[in-house]
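# Reading the structure
This is what each chain is made of:
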Amino acid sequence: PVNVTSLLSLVNEAVDRPLILVVDDDRDLCSNLWDLLHERGYRVGLAYDAEDASHRLTETPFQVVLLDVKLPDGEASEVFHKIRELNPDAHTVLITGESAAAGDLIQQILSEGADDVQYKPFNVPSLLEALGRLIKNHPKRRDR
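Figured I'd write up the structure that's included with this text.

Rules behind the numbers
Numbers given for residues are sequential positions, taken from 1 along each chain in its written order. pLDDT decides what is reported in this predicted model: residues at 70 or higher carry local features, side-chain atom pairs at 80 or more are listed and counted, and totals for whole chains, interfaces and linings draw on all residues regardless. In computing side-chain values, all of the structure's heavy atoms are included and hydrogens and water are not. Working definition of a nonpolar core: buried Ala, Val, Leu, Ile, Met, Phe, Trp, Tyr and Cys residues. They are joined through side-chain atoms within 4.5 Å. We call a residue buried when its accessible area falls under 20% of the maximum for its residue type, exposed when it is over 50%, and partly exposed in between, using a 1.4 Å probe and counting protein chains only. In DSSP terms, a helix is any run of H or I states spanning at least four residues, a strand is any run of E spanning at least two, and both are numbered starting from the N terminus. Contacts between residues were defined by any pair of non-hydrogen atoms, one from each residue, lying within 4.5 Å. Here, a salt bridge means any Lys or Arg side-chain nitrogen found within 4 Å of an Asp or Glu carboxyl oxygen. Two strands form a pair only when DSSP identifies at least two bridges running between them.

Our focus in this paragraph is the nonpolar core. Among the nonpolar cores identified, the biggest contains 24 residues, and Val23, Val65, Leu67 and Leu94 are the most heavily contacted of them. Looking at this core, the elements that each hand over two or more residues are strand E1 (19-23), helix H3 (50-59), strand E3 (64-68), helix H4 (76-86) and helix H5 (103-111). For this core, the element with the most residues is H4, which contributes 4 residues. The residues touching leucine 94, leaving out its near neighbours within four places in the chain, are Leu67, Val69, Ile106, Ile109, Leu110, Ala114, Asp116, Val117 and Gln118. By size, the runner-up hydrophobic cluster in this structure holds 20 residues, among which are Ile20, Cys30, Leu66 and Leu127.

Moving on: the pattern of salt bridges. Evaluated as defined, the whole model comprises 6 salt bridges. A salt bridge links glutamate 85 to lysine 82; the nearest nitrogen and oxygen atoms lie 3.8 Å apart. A residue pair is termed a helical-turn pair when its members lie 3 or 4 positions apart in one helix, as glutamate 85 and lysine 82 do in helix H4 at 3 residues. Salt bridges here are not isolated pairs; linked through shared partners, they connect Asp24, Asp68 and Lys120.

Turning to the pairing of E3, a few remarks are in order. Among the 5 residues in E3, 5 count as buried, and that is most of the element. On E3, burial covers both faces: Val64, Leu66 and Asp68 on one face and Val65 and Leu67 on the other are all buried. Bridging between E1 and E3 involves 4 bridges; their strand directions are parallel. By the bridge assignment, isoleucine 20 is partnered in E3 with valine 64. Sheet analysis places E3 next to strand E6 (residues 91-96), joined by 5 bridges and oriented parallel.

Below, the discussion takes up the pairing of E6. The side chains of a regular strand alternate, first on one face of the sheet and then on the other. Along E6, 6 of the 6 residues are buried, which leaves the element largely enclosed by surrounding structure. Neither face of E6 is open: one carries His91, Val93 and Ile95, the other Thr92, Leu94 and Thr96, and all of them are buried. Bridge count between E6 and strand E7 (residues 116-119): 4 bridges; the pairing is parallel. The partner of isoleucine 95 across the bridge, within E7, is glutamine 118.

The following block contains the structure:
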């Protein structure tokens, strides 16, 4: 028999865990970020290209999106606009390994409302601090 009270408690606990989408074509990096964030209590979704990200954003109201500036099938600014369209409350953290080459694009997306930029290889404490700050400032879901 199922203890409904315990089951509901577990479901509520899972639903209350912050939800992050990682959009990056580097599957190893995605896997490493999934491990890092999952160990710290985050629910993590992965998307490896712009089309996959768009699909995931349609399905789920993510609180924070980690968005690679260089995607093979789309420009980061297009994905950023899709994030704003589908989930205007989502925070966006740009991630890149090319600070000089992508500088203008990064500045453009930041000026349009992206919340932060983190450079690869990541300074893990800085990344976790940024995520914690953004999630703390994220409006609570009202659809429960």
